[in-house]
Each structure stands twice: as structure tokens, then as C-alpha cells.
Amino acid sequence: MGPLIVNDIISSNTNLFLAFFIGIAFGFVLESSGFSSSRKLVGVFYGYDTVVLKVFFTGAITAMIGLLFFSLFGWIDLTYIYINPTYLWSTIIGGVIMGAGFILGGFCPGTSVCAAAIGKIDAIIFVVGIFIGIFIFTEGYPIWKPLYMAEFMGNLKINTFFNISSGTLVMLVIFAAAVMFWIGEWAEKKFKAPKY
Amino acid sequence: MEKEMRKKKSRSYINPYIGGILLGLTVLLANYISGRGVGASGAMKSTIVAAVESIAPKHADDAMFYKEYSESHAGNPLNSWLVYQMLGVLVGGFLSGILARRMTWKVEHSPKITSRTRLIFALLGGVLFGFGSQLGRGCTSGSALSGMAVLSLGGFISMMAIFGTAFALAYFVRKLWI
Amino acid sequence: MKTRIIITIIFVSLGLIIAAVPENTTKPYKLTANELLDEVKSGTQFVHPDQVADMVVQQDPTLQLIDIRSKEEFEKYSLPGAINVPLNDLLSDEWKPYLNQDIYLNVLYSNGTTRANEAWMITRQLGYKNNYVLQGGLNYWVETVLNPEKPGMTSPDDEFAKYNYRKAASNALGGGGAIEQKQDVKPAKLPPIKKGNKKKMVQGGCS
């Protein structure tokens, strides 16, 4: 029963070793879906290429459904899965800053590493930028710390927040995604993709 | 002619929905094996911490962030799950690039701007993304994608903040891209 | 185009199934007497004062100190940020949301360890998680954190480091004594948080 590491089915070194292979799968999927091209990535914000929308939401939904079914079959104990904690303000403000970085730089950290791996120079520069950004954060940490720690809401699940079952929530996300995919494909027809 | 080009293009990248399913299965596998999702910016933070610890050990002892980091993370910061995973991403991206013959040194930019402008904005975007990912406790992979997969409220907020802001700003910087 | 419709149909049907089936709530977690005895024997419920002091100094928002002594004692002296849940009222509905939750790390304390431990056992028996006991209670806290004893000259370096660290914490927390500077000593590594579960917790996210 999973997670394997929690139940001592694998050792922590094996866990690190497997992380490498999970990374390979992650990188391979990102690159082969076209996430190594910044102009393809930002296409979602101009409507000419919505591959980000499709891959991102299909991915999130697949993982959500997978986890719930795994739990249903007793293959995984969801209480031991890491739930990202919610610190309201830092999440919102951090997300806004990341959004600005996304539209200016054309990558996010994961995709920039993929693109750097196939020789995109803009991606390599973007990675350098990320290191500088992180360094600014770690050096000025005492300044941001109050914001960083503000409004802690615990390792809160969104379905608990809305007081519905996780299955219902996933179903709602699927409906929303189906509509977004439909709009996305409509936009791709409407806005002509530049050659890149 | 155009049809042929489109055909060629669709062969070179996999279908986005299939890509999405594979991506989801990767996240699922990470959760099944390690009880956690994938990430990217965390590995870069570990690298920064390790670099500071080896270049300026005294500073690493004094400055608040590194102190708190070494208290909550035992051992070498580079010996972490995310760092190995990120090395895998490099290899995975490289393999995919080779198989699909996409390996080229190039700067990708809109014909309306120069390579130089593109690189300046790439650096600026990187700085913002790096900073934001630390403040927001994870980037698009670690916070938004993996967070959403485990139905974390923070993951959903993160996703909406990132894509919402980028969408809102897109019009003003359209020259960079189209 | 065609893929989208196939994907939509598959996902919507899976979504309907997962919404319709009851959630797999792995049996309401209650300990058997044996399991509880095992936990008591291994002492996993204890958190060391250094650990708590560190969290207080860092203003860790996940820490919730719970004073289980009487109201009078609480008003006379309490730890920063603590709430008062007298042992007699432990089971009142008022305190249930504080004790049965999965957001904060609750650290129960009394003067010694006995009463806090009793409170912990009751909450544990009810199946509540995230409750811990301050090791040694307030007495030990005062001894280790507020008035640390200076180690002897022959003590190993890390004893001094611990001492300096505690001095610093004591200063931050309003105890007496100045910090003694000793340049080349790193602050002591704090003991890791002991989780009450036998299984290890996973680290995750980008932190």
C-alpha cells in the first residue's frame, strides 16, 4: 500500500533513486508536449496555442482521479500524502509575481529546465534569473517573513473548504476543464498562430 | 503544403491530451512512491542554499533563512528528492529533444524584437518567477500542479493567481510574443 | 478535436463515478489499549523544550501551546501565545475544535508532565492527532530554556553550543542572563520534531 516510502516498502535511498526516474518521465513528457518552446507556452494567453491549458488540466485531473481511485481500491493511504499548506497571502502574492514572470520570461521553472536541456539560450538565461530571484528571496528573508507566514490555514483541502466530498469536487473540476478545452480549441481556430 | 506542415508538426509534438495524461500519471506515480508531487523551484533553492553554505559558510550561519533551512533540513541540501528529480528532468528533456531532433542552440523570440531584448526579458521573468516561487511556496509544478492533484486549496489559489496574472498582463507585452 | 471529445467523455464518466461512490474514509482512527501502551512506552508524544523554544522564537504559525493547568495558574504565568484549557474542562465542546484538528501542532503543558500526559492520553484515546506534550513540563522549561545551567569547563563543544543557544532563546523569551559570545560555535542542531505516528511523515512541496 502506498505511499511506498511511508510504509517502509522502499528505503529512503531508493526513494531518491526513483526520484531521478520520476524526473526523467516528467522532463520527457514536458518536452514532448512542446513545453520547451516559450512561444508555444505563452500561446495560451493569446489564444493561438492552448497546449498549456490542455496538458496542465488533463494532467491535474488525471492525477486527482488517480489518487481518489487508488484510495478507493485501498492502494494508497491519502492521509500520508503531502498536502501543500495554504498560507493565503503569500500564495496569492507569490502567484501574482510568478504570473508576471511567466508572461515576461515565457517559461516556468520546470519548463525552462527542459528547454535549457535542448539548447534554448533564452531558457538558460531564464534559469539564471530564477537563481537570482531565489537568492534575493533568501537574502531578504527577514523582510518578507511576516508576509510569508501570514494567514496560515493549515494543510487545507479545497473540498474541505467548500464542505463537499472530494469526488464531487473533482467532478466539478472536470466539468470546468471540459468547458475550457472547448473554448481553447475554439480560440486556436480564431487566433492564427504565428510561425515559430 | 500547409496541410503537410501541420501534419509534420503534429507528429513532432505528442497530442496535448495524451501528454496531459502522461503528466498526470507521473504525478500519480510520484505520490504513490514518495507521497509527494513533482517540483522544480525547490531544487534550485537547495542549490542556492548549498552554494551559500560552501562559498560563505559564515553568512549561512548568520542569515535567518539559511539557519532556519538547515534546522528543518538535515544533511546536505543537495541530497534531496527534488534535486534528483530535477536532474532527471534535465535528462528526460534532453532524451525527448534528441529523439524528436529538436536539439538546437537558439534564442526563440518574436520577429518584432531582437534576441537581446528577448534575453533581457527572459532574465527579468526568471528573477520574478524565482522570487515568486519562494514566496508562494512552489512554482507551477510544485504548488499549482501537484497541489491541485492532492486537492490542496493553496494549489488552486496558486494556479489561479499565476495564470490569471499572466493573462491580465498578456495584452501589454504582446510585442514580445506575437 | 476528436481526442478532446474522447477525453471529455472518459473524464466525465470517471468523474461521475468518483462523485457517486462514498469516500474511502479509512476506519475512524481509534487506538487499542495495546497501541496506546506502545506509544506511552516509546514516549513519542514528548517534544523537547528546545524544539518548542525554537518554534516560539521563530514565531512558527503552526505551533499552538495549550496550558492545561487551572485558570489561576495560567494567569500567573504562561508561555507566549498559549491558550488555557484546564484539564477539568478538557472534554467540553468549547475546546474540541482546538484539540481535534489537523492544522496546528498542539503542545500541551503543565507544571510537571503528569497532567499534560493525562490530557494527551485522553485526546489520543479519542483518536485526535497532532497533540504532543512538552517534555518535563514548565519546570524543565524554566531549567533548560529560561535559566540554562552553564556547562562545566570540560564539557564537549556542543554542550556549550546548546547553552549559548538556550541563553539566546531565554533572552528572546524574557528570561534572565546575557548571551555569551563564542564565535566559532554553531548553534546547536535541534532535535527533530517527534511525530506521534510510527510512520514517517513525508516532506513535500518545494520546501
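Computed from a predicted structure; not experimentally measured. (Residues numbered from 1 in each chain as written. Chains lettered and ligands numbered in written order. Predicted model: local features only at pLDDT ≥ 70, side-chain atom pairs only at ≥ 80, totals over all residues. Heavy atoms only, no water.)

S.K.: Would you explain the overall build of chain B in this entry?
M.R.: Across its full length, chain B carries 9 helices and 0 strands. In chain B, the order of α-helices and β-strands from amino to carboxyl end is α-α-α-α-α-α-α-α-α. Counting the 178 residues in chain B, one finds 56% classified as buried. Look at the contacts in chain B between residues 6 or more apart in sequence, and 53% of them connect residues 24 or more apart. As presented, chain B carries roughly 8000 Å² of accessible surface, and 67% of it is formed by carbon and sulfur atoms. Between the centroid of the 19 positive side chains of chain B and the centroid of its 8 negative side chains there is a distance of 17 Å. (Helix = DSSP H or I, 4+ residues; strand = E, 2+ residues; numbered from the N terminus. Buried < 20%, exposed > 50% of the residue type's maximum accessible area, 1.4 Å probe, protein only. Contact = heavy atoms within 4.5 Å. Areas by Shrake-Rupley, 256 points an atom, 1.4 Å probe, with all protein chains shown as cover. Lys, Arg positive; Asp, Glu negative; His and termini not counted. Charge placed at Lys NZ, Arg CZ, Asp CG, Glu CD.)

S.K.: I keep staring at the overall build of chain A and nothing clicks. Help me out?
M.R.: Counting secondary structure elements, chain A contains 10 helices and 0 strands. With respect to the three principal axes, the spread of C-alpha positions in chain A is 50 × 45 × 35 Å. Looking at chain A as a whole, 65% of its 196 residues are labelled buried. Partitioning the intrachain contacts of chain A with sequence separation of at least 6 by distance along the chain shows that 65% fall at a separation of at least 24. About 6800 Å² of surface is accessible on chain A, with carbon and sulfur atoms providing 73% of the total. Here chain A contributes 10 positively and 9 negatively charged side chains, and the mean placements of these two sets differ by 14 Å.

S.K.: Before we go on, may I ask you to explain the interface of chain A and chain B in this structure?
M.R.: In this assembly, 124 residues from chain A lie in contact with 120 residues from chain B. Of the roughly 10800 Å² buried between chain A and chain B, counting both surfaces, carbon and sulfur atoms make up 77%. By the criterion of area lost to chain B, the three top residues of chain A are Phe26(A), Met98(A) and Leu104(A), representing 7% of everything that side buries. Applying the counting criterion to the chain A and chain B interface returns 4 salt bridges. Residue Arg102(B) is joined to Glu31(A) by a salt bridge in which the shortest nitrogen-to-oxygen separation is 2.7 Å. (Buried area = accessible area lost by both parts, 1.4 Å probe. Salt bridge = Lys/Arg side-chain N within 4 Å of Asp/Glu carboxyl O.)

S.K.: How should the packing of aromatic side chains be read in this particular structure?
M.R.: Aromatic ring pairs are defined here through the distance separating the ring centres and the angle between the ring planes. Residue and element names in this part refer to chain A. Here the structure, examined in full by the defined rule, presents 30 aromatic pairs over all chains. Ring geometry for Phe17 against Phe21: centres 5.2 Å apart, planes inclined by 70°, an arrangement best described as edge-to-face. Of this pair, Phe17 and Phe21 are both found in helix α1 (residues 12-32), 4 residues apart, which corresponds to roughly one turn of the helix. Owing to a relative accessible area of 51%, Phe17 belongs among the exposed residues under this scheme. A residue is classified by how much of its surface remains accessible, and Phe21, at 42% relative accessible area, is partly exposed. (Phe/Tyr/Trp six-rings, centres within 6.5 Å; stacked < 30°, edge-to-face > 60°.)

S.K.: So what exactly am I meant to see when it comes to the environment of Gly132(B) here?
M.R.: Relative to the helices and strands, Gly132(B) is located in helix α7 (residues 115-135). Contacts of Gly132(B), omitting those with residues within four sequence positions, involve Gly94(A), Ile97(A) and Met98(A).

S.K.: Honestly, the pairing of strand β2 (residues 63-67) of chain C in this entry has me stumped. Any pointers?
M.R.: Working note: regular strand, side chains alternate between the two faces of the sheet. Residues and elements named next belong to chain C. Taken across its 5 residues, β2 has 5 buried, putting it largely inside the fold. Here β2 shows two buried faces, one formed by Leu63, Leu65 and Asp67 and the other by Gln64 and Ile66. With 5 bridges connecting them, β2 and strand β4 (residues 105-109) associate as parallel partners. By the bridge assignment, Gln64 is partnered in β4 with Asn106. (Pairing = 2+ DSSP bridges.)

S.K.: I would appreciate a short explanation of unusual backbone geometry in the present structure.
M.R.: Keep in mind that most residues, glycine aside, have a negative phi and that most peptide bonds are trans. Residues and elements named next belong to chain B. In the Ramachandran plot, Arg101 falls in the positive-phi region, its phi being about 55° despite a non-glycine side chain. By secondary structure assignment, the location of Arg101 is in the loop between α6 (81-99) and α7. Unusually for a residue other than glycine, Leu151 sits at a positive phi of about 60°. Relative to the assigned elements, Leu151 resides in the loop between α8 (140-149) and α9 (153-170).

S.K.: Is there a simple way to think about empty space enclosed by the protein in this case?
M.R.: The gaps left among the atoms become clear once a water-sized probe is rolled over them. Under the defined criterion, the tally for this structure stands at 5 cavities of 30 Å³ or more. The set of elements that each furnish at least two residues to the lining of the largest cavity consists of α1 and α4 (51-72) of chain A together with α8 of chain B. Per element, the largest residue contribution to the lining of the largest cavity is 3 residues, and it comes from α8(B). Considering only residue class, the lining of the largest cavity consists of 11 nonpolar, 3 polar and no charged. (1 Å grid on protein atoms, 1.4 Å probe; cavity = no way out; pocket = protein on both sides within 12 Å on 5 of 7 lines; lining within 4 Å. Points joined across faces, edges and corners; volume = space filled by probe spheres on them. Nonpolar A, V, L, I, M, F, W, Y, C, P; charged D, E, K, R; others polar.)

S.K.: I would appreciate a short explanation of the side chain of Arg69(C) in the present structure.
M.R.: Residues and elements named next belong to chain C. Relative to the assigned elements, Arg69 resides in the loop between β2 and α4 (71-76). By relative accessible area, Arg69 is classed as buried at 4%. Discounting residues that sit within four places of it in the chain, Arg69 has contacts with Phe74, Tyr77, Ser78, Asn84, Pro86, Tyr109, Ser110, Asn111, Arg115 and Leu138.

S.K.: Explanation requested: helix α3 (residues 41-55) of chain B in the structure shown.
M.R.: Here α3(B) contains 15 residues, and its C-alpha end-to-end distance of 21 Å stays within 8% of the 21 Å for a straight helix at 1.5 Å per residue. Every buried residue belonging to α3(B) is among Ser41(B), Gly42(B), Ala43(B), Met44(B), Lys45(B), Ser46(B), Ile48(B), Val49(B), Ala50(B) and Val52(B), and all of these are buried. In the core, the buried residues of α3(B) are packed alongside α6 (109-117) and α7 (121-139) of chain A together with α4 (57-62), α5 (64-72), α6 and α7 of chain B. (Expected span 1.5 Å × (residues − 1).)

S.K.: Would you mind going over α7(A) with me for this structure?
M.R.: Between its first and last C-alpha atoms α7(A) spans 27 Å; for 19 residues at 1.5 Å apiece the expected length is 27 Å, and the two agree. Among the residues of α7(A), those classed as buried are Asp122(A), Ala123(A), Phe126(A), Val127(A), Gly129(A), Ile130(A), Gly133(A), Ile134(A), Phe137(A) and Thr138(A).

S.K.: I'm lost on the sheet that holds strand β1 (residues 46-47) of chain C in this one. Help?
M.R.: What links the strands of a sheet is backbone hydrogen bonding, and the strands pair in either a parallel or an antiparallel sense. All names here are of chain C. Ordered in space as β1-β5-β4-β2-β3, the 5 strands form an open sheet in which the pairing is parallel. Edge strands, defined here as strands with exactly one partner in the open sheet, are β1 and β3 (83-84). Relative to β3, β2 is paired through 2 bridges, and the arrangement is parallel. Across the sheet, the residue bridging to Ile66 is Ile83, located in β3.

S.K.: Would you explain the environment of Leu126(C) in this entry?
M.R.: Looking at the element boundaries, Leu126(C) is found in the loop between α6 (114-125) and β5 (131-134). In this structure, the C-alpha to C-alpha distance between Leu126(C) and Arg4(C), residues 122 residues apart in sequence, is 49 Å.

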